[in-house]
Every structure is written in C-alpha cells, then in structure tokens.
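# Examining the three-dimensional arrangement
This is what each chain is made of:
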Amino acid sequence: MAISFTLSIINRLKKEITETQQRSNDEQKKKEKALSKINQLQKDIKISTSPSDLSSKMSRLSKLKDEINKIDLLQVELSKQLVIKNAALKEQISKDQLQN
C-alpha cells in the first residue's frame, strides 16, 4: 500500500472519529435538555389542578422518556463506532510506521 494511501485513510478515520465524537456530544446535550424538561414537568404535575392539563403533562413526560431511551441507544451505537474507528486508526498508524 502506498504511503499516501495509508495517510489518506488515517486522515479520513481521524475526521470520522471527530464527527462521531461531536455527534455523541450533541446527543448528550439533547439528553440533558430532555432530563431538565422532565424535572420541570414532574414539578408542574404536582401543582396541576385540571385533569386535561395533567394528562397533557403526563403524555409529554412519556414522550421525553422515549426520547431519552432512543438517545441512550444511539449513544451505545456511537460508542461502538468509536471503538471500531479507533482500532482501525491504530492499525493504520502502525502500518504507516512500518512503511517508514
């Protein structure tokens, strides 16, 4: 394999790792916002007086919990991708060092 080819693979992997980490960070921020909304809703539920208002808040609470579950699953998938990409990067770096 040519050195320039190995270097292009290394650069691509570094870029993909950075993008995956950024996506993971973005998802973590979404999760934190959802958790904050859940906490607020739980406080609001305690002071709700109308049944329709309570029902609406309970529905929103359920949707937020579903959103958090989806984010958690995505975070697991992103973590797996990071492990795979980091391993591939290490492999390519070692190939590059052997070629030099």
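Residues numbered from 1 in each chain as written. Predicted model: local features only at pLDDT ≥ 70, side-chain atom pairs only at ≥ 80, totals over all residues. Heavy atoms only, no water.

Let us look at the UniProt feature "coiled-coil region" (unreviewed entry) in the chain. Those residues carrying the UniProt feature "coiled-coil region" (unreviewed entry) are residues 10–44 in this numbering. Helix makes up 100% of residues 10–44 and strand 0%, and the two end C-alpha atoms of the span are 51 Å apart. (UniProt positions renumbered as here; feature names shortened; annotations may be inferred. Helix = DSSP H or I, 4+ residues; strand = E, 2+ residues; numbered from the N terminus.)

As a further point, take the pattern of salt bridges. A full pass over the atoms with the stated rule returns seven salt bridges. Between aspartate 72 and lysine 31 there is a salt bridge, with the nearest N and O atoms lying 2.7 Å from each other. With aspartate 72 in helix α2 (residues 51–99) and lysine 31 in helix α1 (residues 3–47), the pair connects residues that are 41 residues apart, well separated along the chain. On the basis of relative accessibility, which here comes to 27%, the residue aspartate 72 falls in the partly exposed class. Taking the shortest distance from any N to any O, the salt bridge between lysine 57 and aspartate 53 comes out at 3.2 Å. Here lysine 57 and its partner aspartate 53 are both found in helix α2, four residues apart, which amounts to about one turn of the helix. Owing to a relative accessible area of 16%, lysine 57 belongs among the buried residues under this scheme. Three or more residues joined by partner-sharing salt bridges are found here, namely Arg12, Glu16 and Lys85. (Salt bridge = Lys/Arg side-chain N within 4 Å of Asp/Glu carboxyl O. Buried < 20%, exposed > 50% of the residue type's maximum accessible area, 1.4 Å probe, protein only.)

Bringing the nonpolar core into the picture now. Ala34, Ile38, Leu41, Ile45, Leu61, Leu64 and Ile68 together form the largest nonpolar core, which totals seven residues. Of all the elements in the fold, those that place two or more residues in this core are α1 and α2. Looking at this core, the element that brings in the most residues is α1, giving four residues. Leucine 64 has contacts with Ala34, Lys37, Ile38 and Leu41, leaving out every residue within four places of it along the chain. (Core = buried A, V, L, I, M, F, W, Y, C linked by side-chain atoms within 4.5 Å. Contact = heavy atoms within 4.5 Å.)

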